[in-house]
Amino acid sequence: MIKIGVLISGGGTNLQAIIDACRLGDLPAEVSVVISNKVDAYGLERAKKAGIDQVYTNDDEQILATLQGYDVDIVVLAGYLKLIAKDLVQAFEGRMLNIHPSLIPAFSGKGYYGLKVHQAAINRGVKVTGATVHLVDENFDEGKILIQEVVAVLPTDTAETLQARVLAVEHSILVTAIAEVIGGLGG
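Residues numbered from 1 in each chain as written. Predicted model: local features only at pLDDT ≥ 70, side-chain atom pairs only at ≥ 80, totals over all residues. Heavy atoms only, no water.

*Asks:* Give me the lowdown on the UniProt feature "active site" (unreviewed entry) in the protein, citing residues and values where you can.
*Replies:* The sites that UniProt annotates as "active site" (unreviewed entry) are His 100. Residue position: His 100 is located in strand 5 (residues 96-100). On the basis of relative accessible area, His 100 is assigned to the buried category, the value being 3%. Other than its neighbours up to four places away in sequence, His 100 contacts Phe 107, Ser 108, Tyr 112, Val 117, Gly 130, Ala 131, Thr 132 and Asp 141. (UniProt positions renumbered as here; feature names shortened; annotations may be inferred. Helix = DSSP H or I, 4+ residues; strand = E, 2+ residues; numbered from the N terminus. Buried < 20%, exposed > 50% of the residue type's maximum accessible area, 1.4 Å probe, protein only. Contact = heavy atoms within 4.5 Å.)

Take a look at the structure:
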């Protein structure tokens, strides 16, 4: 069974999508551990409710040791708001994915997360935005793009309404991208 480690900083809706996909058999995998750099991240509660071990830490060496200790095959950044250390990227090269709420390279990089991304899209007047799953490298949102899906920006959108539609796309493409990486591992 493929083991997934998930890094979070917030509510964990993408984490929940992964947990659900594993339980439904859409992913031939299990979430082994959830790590958060925020002690009050609701995603830790989601993990607890699902019977998944949770770890709170800001220390990159401890994150790497934890992932290795759980014998994790794939790492997913699901709303993780911290730059990943070089050693961690190298340890999971080609097996570490991130979900971002825009069509990278638009509205991506340092400082672009959460509602800020959607407000920036609205402020710029773009007609489409979307979500991107990419491999993680040592820079914010610059790894190889695996999947993107477009979401229309409506004239009546607020950052919150746009975020809700993009989030639904995130859940879908994240599971698809994880399945593709698992397939590449022979899982």
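*Asks:* How would you sum up the environment of Ala 120? Please name residues and give values.
*Replies:* Relative to the helices and strands, Ala 120 resides in helix 5 (residues 115-124). Here Ala 120 falls in the buried class, since its relative accessible area comes to 16%. Put simply, Ala 120 and Phe 107 are 13 residues apart on the chain and 6.9 Å apart in space, counted from C-alpha to C-alpha. Beyond its immediate sequence surroundings of up to four residues, Ala 120 is in contact with Phe 107 and Tyr 112.

*Asks:* With reference to specific residues and values, describe the side chain of Ser 32.
*Replies:* In this structure, Ser 32 sits in strand 2 (residues 29-36). Not counting chain neighbours up to four residues away, the residues in contact with Ser 32 comprise Lys 3, Ile 4, Ile 52, Asp 53 and Tyr 70.

*Asks:* Hey, could you go over unusual backbone geometry for me, with residue numbers and the actual values?
*Replies:* The peptide bond linking Ile 104 to Pro 105 adopts the cis configuration, its omega dihedral lying at 20°. One non-glycine residue, Phe 107, lies in the positive phi region at around 50°. Inspection of the secondary structure puts Phe 107 in the loop between strand 5 and helix 5. Positive phi is not limited to glycine here, since Asp 141 has a value of about 60°.

*Asks:* Requested: an account of helix 3 (residues 60-69), with residues and values cited.
*Replies:* Turning to helix 3, its buried residues are Ile 63, Leu 64, Thr 66 and Leu 67. Along helix 3, the residues classed as buried sweep out an arc of 165° about the axis, all on the same side. Along helix 3, the residues that are exposed and aim more than 90 degrees away from the buried face are Glu 61 and Gly 69. Two to three positions downstream of the cap, the backbone nitrogen of Glu 61 sits 3.2 Å from a side-chain oxygen, assigning the N-cap of helix 3 to Asp 59. Of the residues flanking the end of helix 3, it is Asp 71, one or two places downstream, whose phi is positive at about 55°. (Arc of directions from axis to C-beta. Polar contact = N/O pair within 3.5 Å; in protein donor to acceptor, adjacent residues only side chain to side chain.)

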